[in-house]
Amino acid sequence: MDRFLYLTFDGLSRGAVYAAFALALVLIWRAARIVNFAQGAMAVATAYAGYSVTNATGSYWLGFIVAIVGGLVLGALVERVVMRFVDHSSPLNGVVVALGLVLIIQGVLGMIYGNEFRPAPAPFSRDAFQFGGVALLSRYDLFVFAAVGAVVVLLTLLFTRTPTGLRMRAAAFAPDVSRLLGVPVSGMLTLGWALAAAVGSLAGMLVVPTELGLHPNAMDLLFISAFTAAVLGGLDSPVGAVVGGLVVGLLLTYVSGYLGATVAPMAVLILLVVVLLGRPDGLFSRAKARTA
Amino acid sequence: MSALLEVHELTVGYGAAPVLHDVSLTVDAGQIVAVLGANGAGKTTLLRTLSGQLKSEAGRITLDDQDLRGVKVERMVRHGIAHVPEGRGVVTELTVDENLRLGGLWRKQKPKLDGIYDLFPALAQRRSHLGHQLSGGERQMLAIGRALVAEPRLLLLDEPSLGLAPKITAQIMALLRDLRDRTGLAVLLVEQNVRSALSVADQGLVLSLGRVVTRNDAAALAGDADLRHVYLGF
């Protein structure tokens, strides 16, 4: 039972990171109808930038801010310079271009920083507090929950309570009509990419200290897990992304806890296949097909 | 007094074959002008060009003597043009309230929706319903209401009666007449439903194959039997 509790809290903490990353994928999917396969590589790039600043200044938080702001800038750049010019007549085009971006980003990072793991220290202790003899939560886990929770709340407020959020939703659902109403649709698209990439960078910064360290391929497994989470929840559903992230996080920790860490990636892929076969629109998708 | 909207020898084409040839028309403030004609006559193309969605090859478009050629679609609303497109363009994933607010977002100050809800009591009861839950008539009212939130000087209306019961169509036409009389709104009304359109319009023009065949007072057009037979089919 103690082990189960320990694994559950560990799984929720991991799941929170997947949730944030899945949310980034959902944001871009809703805005641009592209699954951003470059999200992982973009997050790694900004994490490198962040940790470079941290190493140079000694301040984790300065590096953290640089990584998030870097995500905003990189997301906007990728949309303005690359994705805008992709022919969207076939959904595959965006995917192929995104995969190309992955190769470019990972190649450049390897050239600059080398292809070995670099240490990426956490801002808080990862030693868990004891609750009745069971180690459940570390300070770092609490930081992860707080950060992801804040992002979810802020995004919800942005989309449901602010004029800009309304503009972004309208621009995504009905671009032509939105233009007639004075909405700068292309600006909203850029903003959507920027926000999504920043959320992806946050997830990247949160996950790196829990892994082996920084590496150009460090987010590959994170991407697969988060993609599974997003598909599980339904690519159109932010709520689904959060729930999907937590489910995948729990699944991964239970499987690696009870069956062995080597089985965990396989479990994620099996889940992905099962969801795609059984409920390809995800658990939280609305039944109505998109018409506009 | 010069006209609010002046279109002078407008030519628009998709590729090689022009869809509109040398179209000229004027709309005064407080005037409803009906654009009539068969399918494919170029009515929708005319509206889409006026709201900046299509580029013109030649000609002049001015609103209050301001040149509108080359103005981006998303800037048109600032010039006082609101376009309710064919099929109404209600954002079906947003609520009634959100759709209406969207119409006023281009202004700094908060949009005033109370007046719109007074105008359309049916919408006031369905504020939090999503667009796709509305009937055709409610969607048309929402689309017009949303255009009015922008407080336009010129309203471009594309086939408001399409798919609506005659009673609802009559309500919408009465509303247009009322708005014109009360607020001085100018309306360029594209309609297949010639009778309804001429019942409310001050002036009418008939398009055929992209050319203006005739322009006249609405009453005169309604009474011109030859014209009705040849171009309007009733």
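Predicted, not measured: the structure shown is a model, and the values here were computed from it.

1. Digging into the side chain of Ser256(A)
Residue placement: Ser256(A) occurs in helix H10 (residues 238-258). Sequence-distant contacts of Ser256(A), that is, excluding residues within four places in its chain, are made with Arg14(A), Ala261(A) and Ala264(A).

2. Focus on helix H8 (residues 185-207) of chain A
With 23 residues, H8(A) ought to run about 33 Å at 1.5 Å a step, and its terminal C-alpha atoms sit 33 Å apart, in line with that. Most of H8(A) sits inside the fold, with 18 of its 23 residues counted as buried.

3. Quick word on a positive patch on the surface
Residues and elements named next belong to chain B. Taken together, the side chains of Lys72, Arg75, Arg78 and Lys108 define a basic patch exposed on the protein surface. Looking at where Lys72 falls in the secondary structure, it is placed in the loop between strand E5 (66-67) and helix H2 (73-76). Under the relative-accessibility criterion, Lys72 is labelled exposed at 56%.

4. Notes on the environment of Glu9(B)
All names here are of chain B. Here Glu9 lies in strand E1 (residues 5-14). Glu9 sits 126 residues away from Ser135 along the chain, and the two C-alpha atoms are 39 Å apart. What Glu9 contacts, discounting residues up to four positions off in sequence, is Asp22, Val23, Ser24, Ala58 and Gly59.

5. Describing the interface of chain A and chain B
Facing 19 residues of chain A, the contacting portion of chain B comprises 21 residues. Summed over the three residues of chain A that lose the most area to chain B, namely Leu166(A), Leu180(A) and Leu181(A), the buried surface amounts to 37% of that side. On the surface where chain A and chain B come into contact, there are one salt bridge. The partner of Arg169(A) in a salt bridge is Glu98(B), with the nearest N and O atoms 2.7 Å apart. The tally of links from chain A across to chain B stands at two residue pairs in polar contact (both at pLDDT 80 or more). Sorting the residues of the side of chain A that touches chain B by element identifies helix H6 (163-173) and helix H7 (175-180) of chain A as the ones contributing at least two each.

6. Examining the packing of helix H3 (residues 96-103) of chain B against helix H6 (residues 136-149) of chain B
Residue and element names in this part refer to chain B. At a closest axis distance of 6 Å, the pairing of H3 and H6 adopts a crossing angle of 35°. Of the two possible hands of crossing, H3 and H6 adopt the one that is right-handed. Facing H3, whose interface residues are Val96, Asn99, Leu100 and Gly103, H6 presents Leu142, Gly145, Arg146 and Val149. Taken together, the residues of the contact of H3 with H6 sort by class into four nonpolar, three polar and one charged.

7. Here's the deal with the UniProt feature "transmembrane region" (unreviewed entry) in chain A
Residues and elements named next belong to chain A. As annotated by UniProt and renumbered to match this structure, "transmembrane region" (unreviewed entry) occupies residues 12-29, 59-78, 90-113, 142-159, 180-208 and 261-278. Summarising residues 59-78: 95% helix, 0% strand, and an end-to-end C-alpha distance of 28 Å. For the annotated span residues 90-113, helix accounts for 96% and strand for 0% of the residues, and the straight-line distance between the end C-alpha atoms is 36 Å.

8. Observations concerning a nonpolar patch on the surface
Judged by side-chain polarity, Ile65(A), Val69(A), Leu72(A), Val73(A), Leu77(A) and Val81(A) come together as a nonpolar surface patch covering roughly 490 Å² of accessible area. By the secondary structure assignment, Val69(A) is in helix H3 (residues 60-82).

9. Comments concerning the sheet that holds strand E7 (residues 154-158) of chain B
Residue and element names in this part refer to chain B. Within the open sheet, the six strands sit side by side as E6-E7-E8-E3-E9-E10. Their pairing is mixed. Among the strands making up the open sheet, the edge pair consists of strand E6 (81-84) and strand E10 (211-217). Going from strand to strand, the sheet's axes swing by 15° on average, the running direction of each strand aside. As judged from the four bridges shared by strand E3 (residues 32-36) and strand E9 (residues 203-208), these two strands associate in the parallel manner.

10. Looking at the pairing of strand E1 (residues 128-131) of chain A
Residues and elements named next belong to chain A. Alignment of E1 against strand E2 (residues 134-138), held across three bridges, turns out to be antiparallel. Bridging across to E2, Phe131 finds its partner in Val134. Between E1 and E2, which follow one another and run antiparallel, lie two residues, and Gly132 among them has a positive phi close to 55°.

11. A look at the packing of aromatic side chains
Each aromatic ring pair is described using two quantities: the centre-to-centre distance and the angle formed by the ring planes. Residue and element names in this part refer to chain A. Considering all chains together, one arrives at 16 aromatic pairs over all chains under this definition. With a centroid separation of 5.5 Å and 50° between ring planes, the pair formed by Phe37 and Phe227 is classed as tilted. Taken as a pair, Phe37 in the loop between helix H1 (2-32) and helix H2 (39-57) and Phe227 in helix H9 (residues 220-233) lie far apart in primary sequence, 190 residues in all. Here the aromatic rings of Tyr60 and Trp61 are separated by 5.0 Å at their centres, their planes lie at 85°, and the arrangement is edge-to-face. We classify Tyr60 as buried; its relative accessible area is 10%. Judged by relative accessible area, which is 38%, Trp61 ranks as partly exposed. Members of the aromatic cluster, each reached through a chain of ring pairs, are Tyr51, Tyr60, Trp61, Phe64, Phe124, Tyr140 and Phe143.

12. Some words on the nonpolar core
Formed by 89 residues in total, the largest nonpolar core has its most connected members in Met83(A), Leu206(A), Val208(A), Val248(A) and Leu102(B). Here this core takes 13 residues from H1(A), the largest share from any one element. Setting aside residues up to four positions removed in sequence, Leu102(B) forms contacts with Leu166(A), Ala170(A), Leu181(A), Val183(A), Val91(B) and Leu94(B). Formed by 41 residues, the second largest nonpolar core is a distinct cluster that contains Ala147(B), Leu155(B), Leu176(B) and Ala218(B).

13. As for the pairing of strand E8 (residues 186-190) of chain B
Residue and element names in this part refer to chain B. Across the five residues of E8, five count as buried, placing the element largely inside the fold. Here E3 runs beside E8; their pairing, made up of four bridges, is parallel. Across the sheet, Val35 pairs through a bridge with Val190, a residue of E8. Pairing between E7 and E8: five bridges, direction parallel. Following the sheet pairing, Asp158 is matched in E8 by Val190. Between the parallel pair E7 and E8, the chain is carried across by helix H7 (residues 166-183), and the sense of this crossover is right-handed.

14. Observations regarding H6(B)
Residue and element names in this part refer to chain B. A rise of 1.5 Å per residue sets the reference length of H6, with its 14 residues, at 20 Å; its end C-alpha atoms lie 20 Å apart and thus fit the reference within 8%. When you tally the buried positions in H6, you get 12 out of 14 residues, the bulk of the element. Here H6 has its buried residues at Gly137, Glu138, Gln140, Met141, Leu142, Ala143, Ile144, Gly145, Arg146, Ala147, Leu148 and Val149. The first or second residue beyond H6 is Glu151, which carries a positive phi of 50°.

15. A closer look at the environment of His215(A)
Residues and elements named next belong to chain A. Counting through the fold element by element, His215 comes out in the loop between H8 and H9. Taking C-alpha positions, His215 is 6.6 Å from Arg118, a pair spaced 97 residues apart along the chain. Other than its neighbours up to four places away in sequence, His215 contacts Val44, Tyr48, Asn115, Glu116 and Phe117. A distance of 3.0 Å separates the side chain of His215 from the backbone oxygen of Asn115, its partner in a polar contact.

Cut-offs and rules
Residues numbered from 1 in each chain as written. Chains lettered and ligands numbered in written order. Predicted model: local features only at pLDDT ≥ 70, side-chain atom pairs only at ≥ 80, totals over all residues. Heavy atoms only, no water. Helix = DSSP H or I, 4+ residues; strand = E, 2+ residues; numbered from the N terminus. Contact = heavy atoms within 4.5 Å. Expected span 1.5 Å × (residues − 1). Buried < 20%, exposed > 50% of the residue type's maximum accessible area, 1.4 Å probe, protein only. Patch = residues over 30% accessible without salt bridge, like charges linked within 9 Å, V, L, I, M, F, W, Y side chains within 5 Å. Areas by Shrake-Rupley, 256 points an atom, 1.4 Å probe, with all protein chains shown as cover. Salt bridge = Lys/Arg side-chain N within 4 Å of Asp/Glu carboxyl O. Lys, Arg positive; Asp, Glu negative; His and termini not counted. Charge placed at Lys NZ, Arg CZ, Asp CG, Glu CD. Buried area = accessible area lost by both parts, 1.4 Å probe. Polar contact = N/O pair within 3.5 Å; in protein donor to acceptor, adjacent residues only side chain to side chain. Axes fitted to C-alpha atoms, helices over the stretch in contact; angles between N-to-C directions. Left-handed = near helix turned anticlockwise from the far one by under 90°. Nonpolar A, V, L, I, M, F, W, Y, C, P; charged D, E, K, R; others polar. UniProt positions renumbered as here; feature names shortened; annotations may be inferred. Pairing = 2+ DSSP bridges. Phe/Tyr/Trp six-rings, centres within 6.5 Å; stacked < 30°, edge-to-face > 60°. Core = buried A, V, L, I, M, F, W, Y, C linked by side-chain atoms within 4.5 Å. Right-handed = clockwise from strand over helix to strand, strands pointing away.

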